[in-house]
Amino acid sequence: MADRHPLFKPLILVGGLIFGFGLGFSHMARPEVVLNFLQFEDFGLLFVMFGAAIVSGIAFAVMPGIRDTAPLTGDRYERRLKPFDRNVVVGGAIFGVGWGLSGICPGAAYASLGVGNVTILWALAGMFVGAYLQGYWRSRSQTRDTAPTGAD
């Protein structure tokens, strides 16, 4: 972390501001827009997601040919494959239910605050409590898995 470029944090802030402004400007930070998408009534969010996927795909395809390492972090460009297991399915299902109930995903929730949706604080509180409980559960299960059995 100490070898990162000095502009790393300011550029992360600027990127977040641009992302938040874009979500607010496109009305994607409004839960009713997201819920209309999830009910197949408005497909604007689909175009936003496709646009983001296209830009990201191009960047991931082109950048390794231009540079060996990321300009701000110095990390090498490489594929990091994660296993598709039960945790991915359960986590995705919980995320989807939360997204459907609140009408907002974590990134857009902060932008939703910026457009004056104060009631989204309930969804943010739920996200933080859920993340804390998951971390607590995982740390307890890892401690239990690594504890000596005493059966030697």
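Right above here is the structure, for reference.
Below you will find a few notes about this structure.

**Focus on the side chain of Ser141**
Then, number 1: Residue position: Ser141 is located in helix α6 (residues 120-146).
Then, number 2: Judged by relative accessible area, which is 15%, Ser141 ranks as buried.
Then, number 3: A polar contact is formed between the side chain of Ser141 and the backbone oxygen of Arg138, at a distance of 2.9 Å.

**Brief notes about the packing of helix α2 (residues 31-38) against helix α4 (residues 86-102)**
Then, number 1: The N-to-C vectors of α2 and α4 enclose an angle of 120°; their axes lie 8 Å apart at closest approach. As far as their axial angle goes, α4 and α2 are oblique. Note on element contacts: α4 touches α2 through Trp99, Gly100 and Ser102, opposite Pro31, Val34, Leu35, Phe37 and Leu38.

**Focus on the packing of helix α1 (residues 8-25) against helix α5 (residues 106-114)**
A pair of packed helices can be characterised by two numbers: the angle between their axes and the separation between those axes.
Then, number 1: The contact between α1 and α5 brings their axes to 9 Å, and the two run at 75°. Considering their axes alone, α1 and α5 lie roughly perpendicular with respect to each other. Listed contacts from α5 to Phe19, Gly20 and Leu23 of α1 are Gly107, Ala108 and Ala111.
Then, number 2: Across the contact of α1 with α5, the residue classes break down as four nonpolar, two polar and no charged.

**Considerations on the side chain of Asn117**
Then, number 1: Structurally, the position occupied by Asn117 is in the loop between α5 and α6.
Then, number 2: By relative accessible area, Asn117 is classed as buried at 18%.
Then, number 3: At 3.0 Å, the side chain of Asn117 and the side chain of Ser112 are in polar contact.
Then, number 4: Within the structure, Asn117 has its side chain in polar contact with the side chain of Thr119 (distance 2.8 Å).
Then, number 5: With sequence-adjacent residues up to four places away left out, Asn117 is seen in contact with Pro31 and Ser112.

**A short note on the pattern of salt bridges**
Then, number 1: The full count for this structure, using the stated rule, is one salt bridge.
Then, number 2: Two residues, Glu32 and Arg30, come together in a salt bridge whose shortest N-O distance is 2.8 Å.
Then, number 3: Accessibility expressed as a relative area gives 39% for Glu32, which makes it partly exposed.

**Some words on unusual backbone geometry**
Then, number 1: At His27, a residue that is not glycine, the phi angle is positive and equals roughly 65°.
Then, number 2: With respect to the secondary-structure elements, His27 resides in the loop between α1 and α2.
Then, number 3: Positive phi, close to 60°, is recorded for Phe40, a residue that is not glycine.

**Observations regarding the nonpolar core**
What tends to happen in soluble globular proteins is that the nonpolar side chains get buried as a cluster.
Then, number 1: One finds Leu23, Met28, Leu45, Trp99, Ile104, Ala109 and Ile120 to be the most contacted residues of the largest nonpolar core, which totals 15 residues.
Then, number 2: Breaking this core down by element, the ones donating at least two residues are α2, α5 and α6.
Then, number 3: Ignoring any residue separated from it by four or fewer positions in sequence, one finds Ala109 in contact with Ile104, Ile120, Leu124 and Met127.

**Considering a nonpolar patch on the surface**
Then, number 1: On the surface, Phe50, Ile54, Ile58, Val62 and Ile66 cluster together to form a nonpolar patch covering roughly 510 Å² of accessible area.
Then, number 2: Within the secondary structure, Ile54 sits in helix α3 (residues 44-66).
Then, number 3: A relative accessible area of 53% places Ile54 in the exposed class.

About the cut-offs
Residues numbered from 1 in each chain as written. Predicted model: local features only at pLDDT ≥ 70, side-chain atom pairs only at ≥ 80, totals over all residues. Heavy atoms only, no water. Helix = DSSP H or I, 4+ residues; strand = E, 2+ residues; numbered from the N terminus. Buried < 20%, exposed > 50% of the residue type's maximum accessible area, 1.4 Å probe, protein only. Polar contact = N/O pair within 3.5 Å; in protein donor to acceptor, adjacent residues only side chain to side chain. Axes fitted to C-alpha atoms, helices over the stretch in contact; angles between N-to-C directions. Parallel < 35°, antiparallel > 145°, perpendicular 65-115°, else oblique. Contact = heavy atoms within 4.5 Å. Nonpolar A, V, L, I, M, F, W, Y, C, P; charged D, E, K, R; others polar. Salt bridge = Lys/Arg side-chain N within 4 Å of Asp/Glu carboxyl O. Core = buried A, V, L, I, M, F, W, Y, C linked by side-chain atoms within 4.5 Å. Patch = residues over 30% accessible without salt bridge, like charges linked within 9 Å, V, L, I, M, F, W, Y side chains within 5 Å. Areas by Shrake-Rupley, 256 points an atom, 1.4 Å probe, with all protein chains shown as cover.

These figures capture arrangement, not role.
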